[in-house]
Each structure stands twice: as structure tokens, then as C-alpha cells.
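Understanding the architecture of this molecule
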Amino acid sequence: MAKKIAVFVGSLRKESFCRKLARALIALAPASLALEEVEIGELPIYNQDFDDEGTPPLSWISFREHMKDFDAVLFITPEYNRSVPAVLKNAIDVGSRPYGKSVWDGKPGAVVSVSPGGLSGFGANHHLRQSLVFLNIPTMQQPEAYIGNAATLFDASGALSSDNTREFLQKFMSAFATWVAANEPRKS
Ligand SMILES: Cc1cc2nc3c(=O)[nH]c(=O)nc-3n(C[C@H](O)[C@H](O)[C@H](O)COP(=O)(O)O)c2cc1C
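Attention here is on the structure that accompanies the text. (Residues numbered from 1 in each chain as written. Predicted model: local features only at pLDDT ≥ 70, side-chain atom pairs only at ≥ 80, totals over all residues. Heavy atoms only, no water.)

Our next topic: the nonpolar core. Ranked by size, the top nonpolar core spans 31 residues in total, and within it Leu 74, Ile 76, Val 112 and Phe 176 carry the most contacts. Of all the secondary structure elements, the ones that give two or more residues to this core are strand 1 (3-9), helix 1 (17-28), strand 2 (33-37), strand 3 (72-77), strand 4 (109-114) and helix 6 (163-182). Discounting chain neighbours no more than four positions away, the residues touching Val 112 are Leu 21, Leu 25, Leu 74, Phe 75, Ile 76, Thr 77, Asn 125, Ala 145, Ile 147 and Phe 172. The next biggest cluster of nonpolar side chains, apart from the first, holds 24 residues, and it includes Val 84, Ile 92, Leu 132 and Leu 135. (Core = buried A, V, L, I, M, F, W, Y, C linked by side-chain atoms within 4.5 Å. Buried < 20%, exposed > 50% of the residue type's maximum accessible area, 1.4 Å probe, protein only. Helix = DSSP H or I, 4+ residues; strand = E, 2+ residues; numbered from the N terminus. Contact = heavy atoms within 4.5 Å.)

Applying the stated criterion across every chain yields a total of 10 aromatic pairs. Seen from their ring centres, Phe 75 and Trp 104 are 5.9 Å apart, and the 50 degrees between their planes marks the pair as tilted. Placement of Phe 75 in strand 3 and of Trp 104 in the loop between helix 4 (86-96) and strand 4 is noted, with a sequence separation of 29 residues between them. A relative accessible area of 0% places Phe 75 in the buried class. The buried category is assigned to Trp 104, whose relative accessible area is 0%. Among the aromatic residues, ring-to-ring pairing joins Phe 8, Phe 63, Phe 75 and Trp 104 into one connected group. Directly above the aromatic system of Phe 70 lies the positively charged group of Lys 4, at a separation of 5.2 Å from the ring centroid. The ring centre of Phe 17 lies 5.2 Å from the NZ or CZ of Arg 13, which sits over that ring. (Phe/Tyr/Trp six-rings, centres within 6.5 Å; stacked < 30°, edge-to-face > 60°. Lys NZ or Arg CZ within 6 Å of the ring centre and 35° of its normal.)

What follows covers the sheet that holds strand 2. As summarised here, the arrangement of the five strands in space is 2-1-3-4-5, forming an open sheet in which the pairing is parallel. Looking at which strands have only one partner, the edges of the open sheet turn out to be strand 2 and strand 5 (146-147). Relative to strand 2, strand 1 is paired through five bridges, and the arrangement is parallel. By the bridge assignment, Lys 4 is partnered in strand 2 with Ala 34. On the sheet, helix 1 packs against strand 1, strand 2, strand 3, strand 4 and strand 5 and is oriented at approximately 140 degrees with respect to strand 3. (Pairing = 2+ DSSP bridges. Axes fitted to C-alpha atoms, helices over the stretch in contact; angles between N-to-C directions.)

Once that is clear, we can look at helix 3 (residues 58-66). An α-helical turn contains 3.6 residues, so any two residues separated by three or four positions project in the same direction. Turning to helix 3, its buried residues are Trp 60, Phe 63 and Arg 64. Angular distribution of buried residues about the axis of helix 3 spans 95 degrees; they occupy a single face of the element. Along its buried surface, helix 3 packs onto strand 1, helix 2 (48-52) and helix 4. (Arc of directions from axis to C-beta.)

A complete count under the given rule lists 10 salt bridges for this structure. Here Arg 82 ties to Glu 79 by a salt bridge, and the two come within 2.7 Å at their closest N and O atoms. For Glu 79, a relative accessible area of 18% puts it in the buried group. The partner of Asp 163 in a salt bridge is Arg 166, and the shortest N-O contact between them spans 2.6 Å. Of the two residues, Asp 163 and Arg 166 both sit in helix 6, three residues apart, roughly one turn of that helix. (Salt bridge = Lys/Arg side-chain N within 4 Å of Asp/Glu carboxyl O.)

With that out of the way, let us pick up helix 5 (residues 122-134). The terminal C-alpha atoms of helix 5 lie 19 Å apart, and with 13 residues this matches the ideal 18 Å at 1.5 Å per residue to within 8%. All of the buried residues along helix 5 are Gly 123, Ala 124, Asn 125, Leu 128, Arg 129, Ser 131 and Leu 132. Lining the buried residues of helix 5 we find strand 3, helix 4, strand 4 and strand 5. Positioned one or two residues after helix 5, Asn 136 has a phi angle of 60 degrees, which is positive. (Expected span 1.5 Å × (residues − 1).)

The next subject is the pairing of strand 4. With six of six residues buried, strand 4 is to be regarded as a mostly interior element. Alternating positions in strand 4 separate into two faces, Gly 109, Val 111 and Ser 113 on one and Ala 110, Val 112 and Val 114 on the other, with burial throughout. Note that strand 3 and strand 4 share five bridges and pair parallel. Considered in strand 4, the bridge of Thr 77 is made with Ser 113. Looking at chain direction, strand 4 and strand 5 are connected through two bridges and run parallel.

Written as C-alpha cells, this is what we have:
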């Protein structure tokens, strides 16, 4: 059976390059992976009081519950001020708590950073990896995916128009399928 992969997009922008890239990755994934976008924009900013007082917002509860459906995680992140956008960091924080009940623990993962600039979101990619180490997400090391000059990669309909990038993304997804299989995904 195909492994279920939760796809997180770290941008809420309508014309987000990350969202377009995520859609391209979903289309290019091998049959052994079933990818699904998980929306994170409505999650209230993490406040530990809600967990400590037993009053977590309903959206946190359903997000944490939904994450049990997935075998692995794929993060598509832009770079905000050389780091991870707040919306993505917030989803990671919400999923990591209450202490000892993290939804991330042991799920294999991968990171793709996307930027219209030439540095390709390197800073965000590696800041994100720092959290994933702590959260015990075995994160694919190679191939690394730094997608730069993003404004040149898509056509007017939002579809990928770069053959080179398509070829790279296909290899990336194939490597990720191998990584997921090798890291014995388990439900949290
Ligand atoms: C608050 C903010 C900070 C940004 N900082 C960076 C940055 O550090 N590096 C970078 O390459 N682009 C930066 N950008 C530009 C984003 O890469 C660009 O807006 C990109 O389109 C965001 O991704 P998206 O298209 O998926 O929304 C920043 C944009 C915003 C709004």
C-alpha cells in the first residue's frame, strides 16, 4: 500500500511559488507515495496555557489527530528573513505538544526550500532542519532541494514549465520514496 505523506506549505499567499512547487511534487511522486496537502493557516498561534489547562483549540485537536493518518512528512518552505515562516513554525510547535505526545516523532521527512532569489531559501531549509533533528524526524539528506529563481519556473496556469526542474524533482521524489521505505515509518 502507498505510504501516506503529509505535505506542508509554508506560505498562505494565493500565488505562492511553494504551493505551485508542492503541486508539481505531488504530480511527480511515484505510485508508492500518496501525498496530501495539510492546511496549517488556521491554526491559532501556539500558547502552552491551552494545553496545560486542557482547553486546546479544536483546530489543534483535529490537526494532531489527522497527523496520525500519515507515515511521513514533506515540508515546502519559503524563506522569511533567512528563516522559517511563522505559519510553518507554528504548525510544527502545535504538533510537537503536549510534551511527550508529539505527532512528529519517528516520521521520516524531507525539506524543499523555494525562493524567487538566487540563494534558494538555504537559510530556511537549514533552520527547519534544526527543529526536525530535535523532533526526531529522520530527514533525507540527499538530494538537497534548494529551488531558486522560482518566478521563472511556472507558466501562467501555475504548472511547472522548467524541464530541468521537473527532472530534478522527479529524482527527489524517487529518493524520498526510498528514504521513507528505509526509515520504517510508524504512526505516532
Ligand atoms: C516577511 C518576508 C521576508 C522575506 N525574507 C526572505 C529571505 O530571507 N530570503 C528570500 O529568499 N526571500 C525572502 N522573502 C521573499 C520571499 O521569498 C517571496 O515573497 C516568496 O515569493 C515567498 O514564497 P511564496 O511564493 O511561496 O509565498 C521574504 C518575504 C517576506 C514576506
